[in-house]
Structures are given as C-alpha cells and as structure tokens.
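# Close look at the chain arrangement
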Amino acid sequence: MVHEQYERFTETVECADRMSEFLADAAEICEDAPPGVLGQMNITTAADNDPHAPLNRYLTIVGSEPVDRFRGVTPIVSRVFNESAEAVLGENTQMELVVDRGVLERSMDAYPDSFERARELDQFELRIAEESLDFGLLVVDGHGVVSAYDEHNNLTALVDGDTPEVVSWVESLYESVRSKSVPIDRLEP
C-alpha cells in the first residue's frame, strides 16, 4: 500500500514537472481536471530556439481540411488563428467561438472584412464572454487543446490529446466558458 502511494506521488511530481511551463500560466483552469488527465496530454512549449512551437502544434492539430465541428475560446486576436479557422471551415462545419469584449473590439478594428465574413456564415456562432479570458481552448473532431498565455498574451504552452478523458475535460472547460457567454446578436451595448 505504501509503495502504491509512493508510485502515485512520483507520477504526480513527474507530471507536474513535465507540465510546469503550461501550469505557470494556466494552473487555475487545471484545478478541477480529473485525476490523470494532464498525464495523458501532449505538451508543447515555446522555447528560445523555437518560440512558435505551440502555434505550430495548434496548426498541425487544426490541419487544412474541413472539419465537422470546431469549438474554441481565444483570449487574443490573431491573423494566423483567423486564417487557420477559415481553412478548415467547410460547408457543413459547425463552428462556435467564444471571445471577450476586448477581443471582439480588436477583431472588429483589425480585421473588419474577416469579422463581417464570419458573421455572414450560417454555421458560425460568435459568443461573447463578459469576463476577460486568459486561456484558449479548442475542441475539434475528437481532439482537445488547451493553451496558456503569459501576462503579455503570448502563447507560452499548449496541451492536447485525443483520449476520451482529455476530450471530455476540454469539452467541460468549453461548456463552462460558453455558459457565461451570449451570442453576439444578443449582446447588450
């Protein structure tokens, strides 16, 4: 029994060490993660010699072919994210995106054409969260992604996976953010 407890403790310490870059900026959202979920996830971190590694991992996961369903949360405005989402949006793709008011305003100012094009799509729903968002996530065709950002909104790390437990956890995170948001059409000024 002591040996089993020690093994679990060792696994927890190893997981925390492996996830330290991610947890430095996203520990709060992981507080309610089911036991063992983080240990099932891949981690990609920004490094001096590869500062865009998390972004590249995100682009690999999203791919370039239309997907069936895309649900996401983003705390930033990014041309790269906009273009990657546009690339996977097919005729039958159901897409939801949750942003906060700051991101909404920056999107409208920086990318007015993309913003209007997205608003015209029947299968796209933009939702606005009242509270500022400080992490990102994506659930796309059986894959879950959670991304961490530093205090300057730089993407620092990304964790992802496709096991049922991982996808279920990321979906529950998405639903908790979504439940506190409203469709843009119902947004009060």
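Structure shown above.
Now for a description of the structure that goes with this document. This structure is a prediction, so every number in the text was calculated from the model and none was measured.

### Focus: the sheet that holds strand β7 (residues 155-161)
If you trace the eight strands from one edge of the open sheet to the other, you get β1-β7-β6-β5-β2-β3-β4-β8, paired in mixed fashion. Each of the sheet's edge strands pairs with one partner strand only, and the pair in question is β1 (42-45) and β8 (181-183). On average, each strand axis in the sheet is inclined to that of its neighbour by 15°, with strand direction left out of account. With six bridges joining them, strand β6 (residues 143-149) and β7 adopt antiparallel strand pairing. Its bridge partner being in β7, Ala-148 is matched across the sheet by Ala-157. On top of the sheet, helix α2 (residues 20-30) reaches β1, β5 (135-140), β6 and β7; it is set at about 105° to β6, its chief contact.

### A short note on the nonpolar core
Ranked by size, the top nonpolar core spans 27 residues in total, and within it Phe-22, Met-41, Leu-137, Val-146, Trp-169 and Val-170 carry the most contacts. The set of elements that each furnish at least two residues to this core consists of α2, β5, β6, β7 and α7 (164-178). In terms of residue count, the dominant contributor to this core is α7 (seven residues). Apart from residues no more than four positions distant in its own chain, Trp-169 is found in contact with Ile-29, Cys-30, Asp-32, Ala-33, Pro-34, Val-37, Leu-38, Met-41 and Val-146. If you look at the next biggest cluster of nonpolar residues, it comprises 26 residues, including Phe-124, Ile-128, Tyr-149 and Leu-155.

### Quick word on the environment of Val-177
As for its position among the elements, Val-177 is in helix α7. On the basis of relative accessibility, which here comes to 9%, the residue Val-177 falls in the buried class. Through-space distance from the C-alpha of Val-177 to that of Arg-127 is 9.9 Å; in sequence the pair is 50 residues apart. Dropping the residues within four chain positions of it, Val-177 is found in contact with Val-73, Val-98, Leu-133 and Phe-135.

### With respect to the packing of aromatic side chains
Counting across every chain of the model gives one aromatic pair. With a centroid separation of 4.7 Å and 70° between ring planes, the pair formed by Tyr-58 and Phe-81 is classed as edge-to-face. Residue Tyr-58 is found in helix α3 (residues 53-62), and its partner Phe-81 is found in helix α4 (residues 79-88); the two are separated by 23 residues along the sequence. For the pair Tyr-58 and Phe-81, a shared accessibility class is recorded, and that class is buried.

### Examining the pattern of salt bridges
Counted under the stated rule, the structure contains eight salt bridges. For Asp-160, the salt bridge identified is with Arg-57, shortest N-O distance 2.7 Å. Here Asp-160, found in strand β7, pairs with Arg-57, found in helix α3; they are 103 residues apart in sequence, far enough to count as distant. Residue Asp-160 is classed as buried on the basis of its relative accessible area of 0%. Judged by relative accessible area, Arg-57 falls into the partly exposed class, the value being 24%. Notably, a salt bridge pairs Arg-79 with Glu-83, separated by 3.1 Å at the nearest N-O pair.

### Digging into α3
Every buried residue of α3 is listed here: Ala-53, Pro-54, Leu-55, Tyr-58, Ile-61 and Val-62. Those residues of α3 hidden inside the fold are in contact with β1, β2 (69-73), α4, β5, β6 and β7.

Here is what the cut-offs are and how they apply
- Residues numbered from 1 in each chain as written.
- Predicted model: local features only at pLDDT ≥ 70, side-chain atom pairs only at ≥ 80, totals over all residues.
- Heavy atoms only, no water.
- Pairing = 2+ DSSP bridges.
- Helix = DSSP H or I, 4+ residues; strand = E, 2+ residues; numbered from the N terminus.
- Axes fitted to C-alpha atoms, helices over the stretch in contact; angles between N-to-C directions.
- Contact = heavy atoms within 4.5 Å.
- Core = buried A, V, L, I, M, F, W, Y, C linked by side-chain atoms within 4.5 Å.
- Buried < 20%, exposed > 50% of the residue type's maximum accessible area, 1.4 Å probe, protein only.
- Phe/Tyr/Trp six-rings, centres within 6.5 Å; stacked < 30°, edge-to-face > 60°.
- Salt bridge = Lys/Arg side-chain N within 4 Å of Asp/Glu carboxyl O.

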